[in-house]
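Examining the three-dimensional arrangement
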Amino acid sequence: KKGLNKTRENLTNKIEKLVIGYADIDDDFLDELEETLIMADVGVQTTEKLMTAVRKGIKKKEINSPEDLKPFLEKEIAEILNAGEDTTRTAENGPTVHLVIGVNGAGKTTTIGKLAAYYKAQGKTVMLAAADTFRAAAIDQLEVWAQRSGAQFIKHEEGSDPAAVAYDAVKAATARNIDVLLIDTAGRLQNKSNLMQELEKINRVIGREIPGAPHETLLVLDATTGQNAISQAELFTKAAPISGVVLTKLDGTAKGGVVIGIKSQLAMPVKWIGVGEGIEDLRPFVAEDFAKALFA
Ligand code: GDP
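Only a predicted model underlies this, so the values are computations on that prediction, with no experimental measurement involved.

Here we come to the site of the ligand. Around the ligand sit 17 residues in total, of which Gly105, Thr109, Thr110, Asp251 and Glu277 are the nearest. Here Thr110 contributes a side-chain N or O atom positioned 2.6 Å from an oxygen atom of the ligand. Protein chains bury 80% of the 590 Å² of accessible surface belonging to the ligand in isolation. Element by element, the count of residues in the shell around the ligand is highest for helix α5 (residues 108–121), at four residues.

This is how it looks when you write it as structure tokens:
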């Protein structure tokens, strides 16, 4: 499955070697398993959780030999990833509004373009709003994605108030019967208090015009940054109530284990994964598929 090759090489091949290398499960085996999980960026806390489950599995005789380990881990990981209600929220009537947040370079603009194409392919009308008014290049780039995906586009001048863009977009989307409105935002974490105020204001404006909106606040994280992605997520939870994560660049990294850490440590569902730079390279995240692909 595209996107997981490197993670699989890193995590699963090591577990494979571990299984082949040991006839019995002993302390060395368990130590090596623990190290393998940490190296795959599953995260320390989540690794501990998995190791506790493995030790319990051994005690309960669910794991009797090293070979039993792969199916056992697959099941445990699927369970972690499956916990909670993770479906995408949509508006009962009027536009469904997605606010898209994350630091510059994480893949926000690309993800919005891919999401636009995804919803267009479902026959929906889509509008993109350039509420990252800080950089002219960001506005231009989003406009290119709007053209590419056949979405409508709302922008103001560089430097204008992001909340004013959001307001216009919500008004226009309602008037034009748009199904899905995707709002891009600035990602300057170096100016945290501004960013938070900006996101709060955007949220307020949107919620006033469309009760219940934004229906989704998606945080875009770069998987290649591994555990840093988790620290970033923690910061952003202070700025906005995040409903889901888009994990990008899974195609270029051995750190796909970070998916498990995000869910397990932050209780945040990964809703989409980015597996390339193209317009089609976005997948809805399915826990069982991910766990299976990891150990395929
Ligand atoms: P933004 O600053 O957060 O809006 O980031 P961009 O959308 O401009 O993306 C930054 C870079 O990451 C661009 O070169 C994208 O093509 C690339 N990118 C985004 N998503 C993915 C992905 O899923 N896989 C790969 N390989 N590259 C990606």
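This part covers helix α8 (residues 192–209). Between its first and last C-alpha atoms α8 spans 26 Å; for 18 residues at 1.5 Å apiece the expected length is 26 Å, and the two agree. Elements in contact with the buried residues of α8: β1 (96–101), β2 (126–131), α7 (162–175), β4 (180–185) and α9 (227–237).

So, on to the nonpolar core. Leu33, Leu128, Leu181, Ile183, Ile206, Leu247 and Ile262 are the most contacted members of the largest nonpolar core, which totals 101 residues. Non-local contacts of Ile206, meaning those with residues more than four positions away in its chain, are made with Val97, Leu99, Ala166, Val170, Ile183, Ala213 and Pro214.

Another point: the pattern of salt bridges. As enumerated under the stated definition, the model contains nine salt bridges in all. Note that Glu62 is salt-bridged to Lys75, the shortest N-O span being 3.9 Å. Of this pair, Glu62 sits in the loop between α3 (44–59) and α4 (69–82) while Lys75 is found in helix α4, placing the two residues 13 residues apart along the sequence. Classification of Glu62 by relative accessible area gives partly exposed; the value is 39%. Residues Lys155 and Glu143 are paired through a salt bridge, measuring 3.1 Å at the closest nitrogen-oxygen approach. Residue Lys155 is located in the loop between β3 (152–154) and α7, and its partner Glu143 is located in helix α6 (residues 136–149); the two are separated by 12 residues in the primary sequence. Accessibility expressed as a relative area gives 42% for Lys155, which makes it partly exposed.

This part takes up the packing of helix α1 (residues 5–21) against α4. Look at α1 against α4: their axes get within 10 Å of each other, and the N-to-C directions meet at 145°. Note on element contacts: α4 touches α1 through Leu69, Lys70 and Leu73, opposite Thr12, Ile15 and Glu16. Here the residues of the contact of α1 with α4 sort into three nonpolar, one polar and two charged.

Attention shifts here to unusual backbone geometry. Across the junction of Ala213 and Pro214, the peptide omega takes the value -5°, indicating a cis bond. Structurally, the position occupied by Pro214 is in the loop between α8 and β5 (216–222). With a phi angle near 55°, Asn177 is a residue other than glycine that sits in the positive phi range. Relative to the elements of secondary structure, Asn177 occurs in the loop between α7 and β4.

This part is about a negative patch on the surface. Together, Asp24, Asp26, Asp27, Asp28, Asp31, Glu32 and Glu35 give the surface a local cluster of negative charge. Following the sequence through the fold, Asp28 ends up in helix α2 (residues 27–39). By relative accessible area, which is 49% here, Asp28 ends up partly exposed.

Across the five residues of strand β7 (residues 270–274), five count as buried, placing the element largely inside the fold. In terms of strand pairing, strand β6 (residues 244–248) meets β7 through three bridges, oriented parallel. Its bridge partner being in β7, Val246 is matched across the sheet by Trp272. Note that the unit made of β6, helix α10 (residues 258–266) and β7 has a crossover that is right-handed. Alignment of β7 against strand β8 (residues 282–284), held across three bridges, turns out to be antiparallel. Within the sheet, the bridge partner assigned to Ile273 lies in β8 and is Arg283.

Turning to the packing of aromatic side chains, a few remarks are in order. Summed over the entire model, instances satisfying the criterion amount to five aromatic pairs. Relative to Phe290, the ring of Phe285 lies with its centre 5.3 Å away and its plane at 55°, an arrangement referred to as tilted. Accessibility assignment for this pair places Phe285 and Phe290 in one class, buried. Grouping aromatic residues by their ring pairs yields a cluster made of Tyr118, Tyr119 and Trp272. The cationic tip of Arg148 hangs over the ring face of Trp145; the distance from NZ or CZ to the ring centre is 4.2 Å.

This next bit is on the side chain of Asp132. Relative to the helices and strands, Asp132 resides in the loop between β2 and α6. Assessed through its relative accessible area of 3%, Asp132 is described here as buried. At 3.2 Å, the side chain of Asp132 forms a polar contact with the backbone nitrogen of Phe134. Discounting chain neighbours no more than four positions away, the residues touching Asp132 are Asn104, Ala138, Ile139, Asp184, Thr185 and Ala186.

What counts and how
- Residues numbered from 1 in each chain as written.
- Predicted model: local features only at pLDDT ≥ 70, side-chain atom pairs only at ≥ 80, totals over all residues.
- Heavy atoms only, no water.
- Near = heavy atom within 4 Å.
- Polar contact = N/O pair within 3.5 Å; in protein donor to acceptor, adjacent residues only side chain to side chain.
- Areas by Shrake-Rupley, 256 points an atom, 1.4 Å probe, with all protein chains shown as cover.
- Helix = DSSP H or I, 4+ residues; strand = E, 2+ residues; numbered from the N terminus.
- Expected span 1.5 Å × (residues − 1).
- Contact = heavy atoms within 4.5 Å.
- Core = buried A, V, L, I, M, F, W, Y, C linked by side-chain atoms within 4.5 Å.
- Buried < 20%, exposed > 50% of the residue type's maximum accessible area, 1.4 Å probe, protein only.
- Salt bridge = Lys/Arg side-chain N within 4 Å of Asp/Glu carboxyl O.
- Axes fitted to C-alpha atoms, helices over the stretch in contact; angles between N-to-C directions.
- Nonpolar A, V, L, I, M, F, W, Y, C, P; charged D, E, K, R; others polar.
- Patch = residues over 30% accessible without salt bridge, like charges linked within 9 Å, V, L, I, M, F, W, Y side chains within 5 Å.
- Lys, Arg positive; Asp, Glu negative; His and termini not counted.
- Charge placed at Lys NZ, Arg CZ, Asp CG, Glu CD.
- Pairing = 2+ DSSP bridges.
- Right-handed = clockwise from strand over helix to strand, strands pointing away.
- Phe/Tyr/Trp six-rings, centres within 6.5 Å; stacked < 30°, edge-to-face > 60°.
- Lys NZ or Arg CZ within 6 Å of the ring centre and 35° of its normal.

Coordinates in, geometry out; function isn't part of it.
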